[in-house]
Amino acid sequence: MTTRRLPSIEHESSSPLADRIEALKALVPEATSEDGIDFDALADLLGKSEDRNEKYNFSWWGKQEAMRSLSQPSQASLKPAPEESVNWNDTGNLFIEGENLEALKLLHKSYAGRVKMIYIDPPYNTGNDYVYSDNYSDPLDQYLRETGQVDENGNYQTSKPEKNGRKHSKWLTMMYPRLALARQLLRDDGVIFVSIDDNEVHHLRLLMNMVFGEENFCGTFVWERKKKPSFLDRNMGTVTEYILAYAKILQLSPQFIDGEVEDGKQYPFNNAGNPMKTLVFPPGSVMFNLEDQIVKAQDMSGGNIRTELLDDVEIVSRRNADKFRLRGEWRYSQSKVDAFVSQRSEIVISRIPFRPNYINRERNVKKTINLLSYRVNNIPTNEDATQELREIFAQDVIDYPKPTGLISHLVSAILPPPPNECSNTQIVLDFFAGSATTAHAVLAQNREDGGNRRFIMVQLPEPMDHPEYANIAEVGKERIRRVIKRMREEETRSDEDLGFRVFKLDKSPRRQWQDLPPDTSAEAYQRQLELLIAEPLVEGWAVADVIADVAVKEAGFGLSYRIEQISLSEQTIYKVIDDKREQHFYICLDNNISFEMVRQLGLALDDLFIFRDSAVDDSTAANLALTCRVKSL
């Protein structure tokens, strides 16, 4: 066996926890030590070194387990399924079939900080024990013992044991790591919407305060999901559900100052020789552009947007424009605008990267309210959604779908159409995709306003009792296919993305190191190591699966990567390209690699070339290492 040591590519997803720790180290280096984070020093730096035994804290049984599950990287892989896709080569839309916690971990390296909007409709936890399956158990008797409700002999210590607590705990434990990953995927100006009903709305609000920060709470939409009340066993009829809205960073507190700003930069003087009034807008702010309720003062509609800039008002960002891209509407209370800008009938803001807005003081205009109603603002109901699916499938296929119009309303509010932003950079994620209403809504909104937003759907293949569709993921994929087919029958734009790629969560095509029992012999460890080097790929591997695994885990490429096959006389080499990142790597999966053949590629020193360790001898490995960056599978 060779003794050379080539660097190996990643076998696991990136670690969201490790990324957080590195960010904290960069922000507060004084709180780091050779062992990692010095939490006592961090507390001192934050002025929190006083007695912290009594403090407000939201906790539940299983919280620590949920946090541990977040920190565990995924060893799974995303297997391409072109045969189930539409327009594979030219689409930026994605459908991932699989358990969403694992899928989110695999998406982390590629999509962290890239998603503009997330909408999810998670399980409502209405009483069934099954919510989502994670890799840890939560038996009732263990919960009761942990919470002190029974003793070691199983005797109740309280007169009314809190059996519902376990239900809430299990649901919170399921939701926490998924929401934490969702936040990391959001752009700084991104927003998440979560549908929920009365069962968990109060717990969800506390959980999202913990994950996103209470200061980033945007509001709660009340959606009239039914036209007639459902009483069930209650005296109060229920016709509504809720949609909680949180921003990744919500800062709607601009301030007017004169002359210099915090970074010391002097902004220009106006024609009168006086420093310009500068509106310093905190980065990452989130704005809404909905038209519902009649209120006074601010005209934010697209038809009234103005582009001219007054000579005494300027809007600037605390970040460089190339690092901070914000689009959306600016708004402020009329009373504060009056205080800031007296004797003027209008204020116009138009400095890139902000969308220009015109504030009209003289007439009533529309702004958003938190009621989403079929009676007030024509938002469809569950009944409409059921009929919508019947029209698509010519039968009932799934219970309680969300209506496309509801999600389209949110998409149009958060993701402005062109030319306000290059809309193919606007990604909408739904990791409880169900029947893929969100994908349908994105396609429909693009068709309506000329946008080209992209979607990423993630759905567990949860079994269904249906003669044609084995699981919910099959329904979601088929819905998207039928919607695309219908749209193609109509007139389409040349740049309209009517396709989607399907990936399926599966075991990695590369061998993983297996944990062995403590009494395992040294010879057994040696055999496993030799097998990993001699044959790093599992039996039955496919080229496309290996490339996808490497592209996601090692290169951090988006799942819209392209593959170019390069056939030399004795070698087959693939060039894998991520157009968004403007990056690429080369990979060869042949059993034997000739350096003379590889030389024909004309690789540069910063090119990455990946191959099997066993495919090259020491001389070839050394020559390749002098030519480009090399890593072994």
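Residues numbered from 1 in each chain as written. Predicted model: local features only at pLDDT ≥ 70, side-chain atom pairs only at ≥ 80, totals over all residues. Heavy atoms only, no water.

Peer 1: In this structure, what is going on with the packing of helix H9 (residues 382-393) against helix H12 (residues 472-488)? I would like to understand it.
Peer 2: When two helices pack together, their arrangement is given by the angle between their axes and by how far apart the axes lie. Running from N to C, H9 and H12 point in directions that differ by 70°, and their axes come no closer than 10 Å. As summarised for this structure, H9 and H12 are arranged roughly perpendicular, according to the angle between their axes. Of H12, the residues touching H9 (which contributes Glu 388, Leu 389, Glu 391, Ile 392 and Phe 393) are Val 475, Glu 478, Arg 479, Arg 482, Val 483 and Arg 486. Here the contact of H9 with H12 is composed, by residue class, of five nonpolar, no polar and six charged. (Axes fitted to C-alpha atoms, helices over the stretch in contact; angles between N-to-C directions. Helix = DSSP H or I, 4+ residues; strand = E, 2+ residues; numbered from the N terminus. Parallel < 35°, antiparallel > 145°, perpendicular 65-115°, else oblique. Contact = heavy atoms within 4.5 Å. Nonpolar A, V, L, I, M, F, W, Y, C, P; charged D, E, K, R; others polar.)

Peer 1: Explain the pairing of strand S20 (residues 562-567) to me, please; I cannot follow it from the model alone.
Peer 2: Residues in a regular strand point their side chains to alternate faces of the sheet. Judged from the six bridges that link them, S20 and strand S21 (residues 572-578) form a sheet pairing that is antiparallel. Across the sheet, the residue bridging to Ile 563 is Val 576, located in S21. Count of turn residues in the S20/S21 antiparallel hairpin: four residues. (Pairing = 2+ DSSP bridges.)

Peer 1: Help me out: how do you make sense of the environment of Tyr 176 in this one?
Peer 2: Counting through the fold element by element, Tyr 176 comes out in helix H6 (residues 163-185). Spatially, the C-alpha atoms of Tyr 176 and Ser 69 are 9.6 Å apart, while their sequence positions differ by 107 residues. In this structure, Tyr 176 is in contact with Arg 20, Trp 60, Ala 66, Met 67, Leu 70, Leu 207, Met 210 and Val 211, ignoring residues within four places of it in sequence.

Peer 1: What exactly am I supposed to notice about the sheet that holds S21 here?
Peer 2: Strand pairing in a sheet relies on backbone hydrogen bonds. The paired strands run either parallel or antiparallel. Taken together, the five strands give an open sheet; going across it, the order is S20-S21-S22-S23-S24, and neighbouring strands pair in mixed fashion. One side of each edge strand has no neighbouring strand; the edge strands of this open sheet are S20 and strand S24 (629-632). Strand-to-strand twist of the sheet, defined as the mean angle between neighbouring strand axes without regard to direction, takes the value 25°.

Peer 1: Please explain the packing of aromatic side chains as it appears in this structure.
Peer 2: For any two aromatic rings, the description comes down to two numbers: the centre-to-centre distance and the angle of the planes. Scanning the entire structure with this criterion turns up 10 aromatic pairs. Aromatic side chains Phe 557 and Phe 585 sit 5.5 Å apart centroid to centroid with 45° between the ring planes, which places their arrangement in the tilted category. With Phe 557 in the loop between helix H14 (543-553) and S20 and Phe 585 in strand S22 (residues 583-588), this residue pair connects regions lying 28 residues apart in the sequence. With relative accessibility at 1%, the residue Phe 585 sits in the buried group. Among the aromatic residues, those joined into a ring-pair cluster are Phe 58, Trp 60 and Tyr 176. Taking NZ or CZ as reference, Arg 205 lies 3.5 Å from the ring centre of Phe 217, over its face. One cation-aromatic arrangement involves Lys 227 over Tyr 374; the distance from NZ or CZ to the ring centre is 5.5 Å. (Phe/Tyr/Trp six-rings, centres within 6.5 Å; stacked < 30°, edge-to-face > 60°. Buried < 20%, exposed > 50% of the residue type's maximum accessible area, 1.4 Å probe, protein only. Lys NZ or Arg CZ within 6 Å of the ring centre and 35° of its normal.)

Peer 1: Even after reading the chapter, I still don't get the nonpolar core, so can you show me in this structure?
Peer 2: One broad rule of soluble globular proteins: the nonpolar side chains tend to lie buried together. Ranked by internal contacts, the top residues of the largest apolar core, which has 69 residues, are Ile 192, Leu 559, Phe 585 and Ile 587. For this core, the element with the highest residue contribution is H6, accounting for 10 residues. In contact with Ile 587, not counting residues within four places along its chain, are Val 546, Ile 547, Val 550, Thr 572, Ile 573, Tyr 574, Val 576, Phe 609, Ile 610 and Leu 633. Phe 193, Ala 245, Val 411 and Met 487 belong to the second-largest nonpolar core, a separate cluster that totals 45 residues. (Core = buried A, V, L, I, M, F, W, Y, C linked by side-chain atoms within 4.5 Å.)

Peer 1: Could you clarify how one ought to interpret the sheet that holds strand S17 (residues 427-430) in this entry?
Peer 2: Strand order in the open sheet made by the 10 strands is S3-S19-S4-S18-S17-S5-S6-S8-S7-S16, with mixed pairing throughout. The outermost strands of the open sheet, each flanked by one partner alone, are strand S3 (77-80) and strand S16 (371-372). As paired elements, S3 and strand S19 (residues 501-506) share four bridges and run antiparallel to each other. Within S19, the residue paired with Lys 79 across the bridge is Lys 504. Sitting on the sheet, helix H7 (residues 201-212) touches strand S6 (186-196), strand S7 (217-224) and strand S8 (240-247), and the angle it makes with S8 is about 5°.

Peer 1: When you look at the pattern of salt bridges in this model, what are you seeing that I'm missing?
Peer 2: Close approach of charged atoms lets side chains of opposite charge pair. Tallied over the entire structure, the rule returns 31 salt bridges. In this structure, Asp 578 engages Arg 581 in a salt bridge whose closest nitrogen and oxygen atoms are separated by 3.7 Å. Residue classification places Arg 581 among the partly exposed residues on the basis of a relative accessible area of 33%. Members of the salt-bridge network, linked through shared partners, are Glu 84, Glu 97, Glu 474, Lys 477 and Lys 504. (Salt bridge = Lys/Arg side-chain N within 4 Å of Asp/Glu carboxyl O.)

Peer 1: What should I look at first to understand the side chain of Glu 554 in this one?
Peer 2: Within the secondary structure, Glu 554 is located in the loop between H14 and S20. The class of Glu 554 is buried, set by a relative accessible area of 12%. Separated by 2.7 Å, the side chains of Glu 554 and Lys 631 make a polar contact. Discounting residues that sit within four places of it in the chain, Glu 554 has contacts with Ile 9, Glu 10, Lys 109, Asp 549 and Lys 631. (Polar contact = N/O pair within 3.5 Å; in protein donor to acceptor, adjacent residues only side chain to side chain.)

Peer 1: Can you walk me through helix H13 (residues 522-534) in this structure?
Peer 2: Side chains of residues three or four places apart in an α-helix project in the same direction, reflecting 3.6 residues per turn. Taking 1.5 Å of rise per residue, 13 residues should cover 18 Å, and H13 covers 18 Å from first to last C-alpha, within 8% of that figure. Taken residue by residue, H13 has Ala 524, Gln 528 and Leu 532 as its buried positions. Along the long axis of H13, the arc covered by the buried residues comes to 75°, so they all point the same way. Projecting away from the buried face of H13 at angles above 90 degrees are the exposed residues Ala 522 and Arg 527. (Expected span 1.5 Å × (residues − 1). Arc of directions from axis to C-beta.)

Peer 1: Help me understand the pairing of strand S5 (residues 115-120) in this model?
Peer 2: Where burial is concerned, most of S5 is hidden: six out of the six residues are buried. Two elements, S5 and S6, share five bridges in a ladder whose sense is parallel. By the bridge assignment for S6, Val 115 is matched with Leu 186. Across three bridges, the pairing between S5 and S17 is parallel. Paired with Ile 118 across the bridge in S17 is Leu 429.

Peer 1: Help me out: how do you make sense of the side chain of Gln 512 in this one?
Peer 2: Positionally, Gln 512 belongs in the loop between S19 and H13. Of the polar contacts made by the side chain of Gln 512, one reaches the side chain of Ser 508; its length is 3.3 Å. Not counting residues within four places of it along the chain, the set of residues in contact with Gln 512 comprises His 11, Gln 75, Gln 528, Leu 532 and Lys 553.

Peer 1: I tried to follow a nonpolar patch on the surface on my own but got confused; where do I start?
Peer 2: A surface patch of nonpolar side chains, amounting to about 270 Å² of accessible area, comprises Trp 513, Tyr 525 and Leu 529. Structurally, the position occupied by Tyr 525 is in helix H13. Residue class for Tyr 525 comes out partly exposed when judged on its relative accessible area of 32%. (Patch = residues over 30% accessible without salt bridge, like charges linked within 9 Å, V, L, I, M, F, W, Y side chains within 5 Å. Areas by Shrake-Rupley, 256 points an atom, 1.4 Å probe, with all protein chains shown as cover.)

Peer 1: Is there a simple way to think about the confidence of the model for the protein chain in this case?
Peer 2: The predicted coordinates ought not to be read in detail in places where the model reports low pLDDT. Summing up the model confidence of the protein chain, the mean pLDDT is 76 and the portion of residues at 70 or higher is 70%. When the criterion is pLDDT under 50, residues 134-140 qualifies, and its contacts beyond four places in sequence or with other chains add up to 14 contacts. Scored below 50 in pLDDT, residues 288-367 makes 195 contacts in the model with residues more than four places away or belonging to other chains. (pLDDT = per-residue confidence, 0-100.)

Peer 1: Please explain the environment of Thr 238 as it appears in this structure.
Peer 2: Within the element layout of this structure, Thr 238 appears in the loop between S7 and S8. In this structure Thr 238 comes out as buried when scored by relative accessible area, which is 16%. For the pair Thr 238 and Lys 228, spaced 10 residues apart in sequence, the C-alpha to C-alpha distance is 8.5 Å.

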